[in-house]
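The primary structure of each chain is shown beneath.
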Amino acid sequence: MLVLQDHDLRIIRLEKELADAPKRKQAIDALLDDHRVALAKAKDDLKTHQSEIKQAELDVEGSREKIRKYRGQQIQLKSNQEFRAMETEVAGVEKTIRQLEDRMIEMMETIEAAQKAVKERETALKTEESSVNREIGVIDQRGRDVQAELDQARQARTALALGIETARLQHYERIMKNKREKALVPVEHGACGSCHMKLPPYQVHEARKQTGIVVCEYCGRMLY
Ligand SMILES: [Zn+2]
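Residues numbered from 1 in each chain as written. Predicted model: local features only at pLDDT ≥ 70, side-chain atom pairs only at ≥ 80, totals over all residues. Heavy atoms only, no water.

### Looking at the packing of helix α1 (residues 2–29) against helix α4 (residues 166–179)
Axis angle and axis distance: for two packed helices, these are the angle between their axes and the distance between the axes, and together they describe the pair.
Right, so step 1: Interhelical geometry of α1 versus α4 gives an angle of 30° and a closest axis separation of 12 Å. On the basis of their axis angle, the class for α1 and α4 is roughly parallel. Both α1 and α4 take part in a crossing whose hand is right-handed. Judged by residue contacts, Leu4, Gln5, Asp8, Leu9 and Ile12 of α1 engage Leu169, Tyr172 and Met176 from α4.
Right, so step 2: Taken together, the residues of the contact of α1 with α4 break down into six nonpolar, one polar and one charged. (Axes fitted to C-alpha atoms, helices over the stretch in contact; angles between N-to-C directions. Helix = DSSP H or I, 4+ residues; strand = E, 2+ residues; numbered from the N terminus. Parallel < 35°, antiparallel > 145°, perpendicular 65-115°, else oblique. Left-handed = near helix turned anticlockwise from the far one by under 90°. Contact = heavy atoms within 4.5 Å. Nonpolar A, V, L, I, M, F, W, Y, C, P; charged D, E, K, R; others polar.)

### Some words on the pattern of salt bridges
If charged atoms from side chains of opposite charge come close, those side chains can pair.
Right, so step 1: Under the definition given, this model contains 17 salt bridges.
Right, so step 2: With a shortest N-O distance of 3.3 Å, Glu61 and Arg68 are connected by a salt bridge.
Right, so step 3: Given a relative accessible area of 40%, Glu61 falls into the partly exposed group.
Right, so step 4: Looking at Arg68, the relative accessible area reads 46%, which means it is partly exposed.
Right, so step 5: Salt-bridge contacts for Glu206 lead to Lys209; the nearest nitrogen and oxygen are separated by 3.9 Å. Of this pair, Glu206 and Lys209 both sit in helix α5 (residues 201–209), three residues apart, which is roughly one turn of that helix. (Salt bridge = Lys/Arg side-chain N within 4 Å of Asp/Glu carboxyl O. Buried < 20%, exposed > 50% of the residue type's maximum accessible area, 1.4 Å probe, protein only.)

### Section: the coordination of the zinc ion
Right, so step 1: All of the protein donors around the zinc ion are Cys192 (SG), Cys195 (SG), Cys216 (SG) and Cys219 (SG); their distances to the metal are 2.3 Å.
Right, so step 2: The site at the zinc ion holds four donor atoms, and with the angles between them running 103 to 116°, its shape is tetrahedral.
Right, so step 3: Sequence positions of the residues that donate to the zinc ion give the spacing C-x2-C-x20-C-x2-C. Taken together, the residues span a long stretch of sequence, with Cys195 in the loop between β3 (191–192) and α5 and Cys216 in the loop between α5 and β4 (222–223) at a distance of 21 residues.
Right, so step 4: Under the relative-accessibility criterion, Cys195 is labelled partly exposed at 26%.
Right, so step 5: With relative accessibility at 1%, the residue Cys216 sits in the buried group. (Donors = N, O, S within 2.8 Å, 3.2 Å for Na, K, Ca; no water. Tetrahedral: all angles 85-135°; square planar, octahedral: opposite > 155°, others 65-115°.)

### Focus on the environment of Met108
Right, so step 1: Along the polypeptide, Met108 turns up in helix α3 (residues 80–161).
Right, so step 2: A C-alpha to C-alpha distance of 7.6 Å links Met108 and Ile53, two positions 55 residues apart in sequence.

### Things to note about the domain arrangement of the chain
Right, so step 1: Domain parsing of the chain yields domain 1 (2–161) and domain 2 (166–223).
Right, so step 2: Contact with domain 1, which involves nine residues of that partner, is made by nine residues of domain 2.
Right, so step 3: When domain 1 packs against domain 2, close to 750 Å² is buried across both sides, 59% of that on carbon and sulfur atoms.
Right, so step 4: For the interface between domain 1 and domain 2, the tally reads two salt bridges.
Right, so step 5: Glu173 is the partner of Arg157 in a salt bridge, and the nearest nitrogen-oxygen pair spans 3.0 Å.
Right, so step 6: The tally of links from domain 1 across to domain 2 stands at four residue pairs in polar contact (both at pLDDT 80 or more).
Right, so step 7: Contributing elements (two or more residues each) for the side of domain 1 that touches domain 2: α1 and α3.
Right, so step 8: Counting residues per element, the side of domain 1 that touches domain 2 draws most heavily on α1, at seven residues.
Right, so step 9: Its residues placed into classes, the side of domain 1 that touches domain 2 shows five nonpolar, one polar and three charged. (Domains from an automatic or database assignment. Buried area = accessible area lost by both parts, 1.4 Å probe. Polar contact = N/O pair within 3.5 Å; in protein donor to acceptor, adjacent residues only side chain to side chain.)

### Let's talk about α1
Right, so step 1: Its 28 residues place the ends of α1 41 Å apart at the C-alpha level, agreeing with the 40 Å of an ideal helix rising 1.5 Å per residue.
Right, so step 2: Of the positions making up α1, those classed as buried are Leu4, Gln5, His7, Asp8, Ile11, Ile12, Leu14, Ala21 and Ile28.
Right, so step 3: Of the surrounding elements, those touching the buried residues of α1 are α3, α4 and β1 (184–185). (Expected span 1.5 Å × (residues − 1).)

### Quick word on unusual backbone geometry
Right, so step 1: Phi is positive for Arg180, which is not a glycine, with a value near 55°.
Right, so step 2: Along the chain, the position of Arg180 falls in the loop between α4 and β1.
Right, so step 3: Backbone geometry at His196 places phi at a positive 65°, although glycine is not the residue there.
Right, so step 4: With respect to the secondary-structure elements, His196 resides in the loop between β3 and α5.
Right, so step 5: In this structure His196 comes out as exposed when scored by relative accessible area, which is 54%.

Rendered as structure tokens:
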């Protein structure tokens, strides 16, 4: 029965390890979160700069259209004064275009820097990902080993249980199910080996004889 208990304790430990594996994998995967956030931010930045330059292109196009319109109107103007006024208008719009184009050059440099930042973030994430995947691979392999060990332990346990008297086994199993730790403990110096409470001499005697079921009245464990 002590051997059976060893198997049960091992089964409990292995089951716990299997049950904890997803949480451990999650915790490792969470190491990537910072990198993911940084990459998303770099991509957002790039998108913002790209839409800025697109807007500038539209503005330039709009200004050129305005100039074409002014030129068309200019032909129909009658006085020199009106003609000159229109020239001033055109010159103003041309200045706007030059300013926009200057800013677009700056924007292109900003976009190049933003593209570089995205690439760097991607590389950083990939590097971290491969190390995380390696760790997760180790956990998965361990999980398969644990599962195999567990199957084996359960089989051995079933075989052992067949050789144990039903009443004793059921009593033991009830305690084990509740406590999830040692259900069967030795008498040590006349006391319970688990809670260390002093036992009445007749219980010590009974436990030594190994005839019936002797239970510690303080912690409820079976004594031997
Ligand atoms: Zn006890």
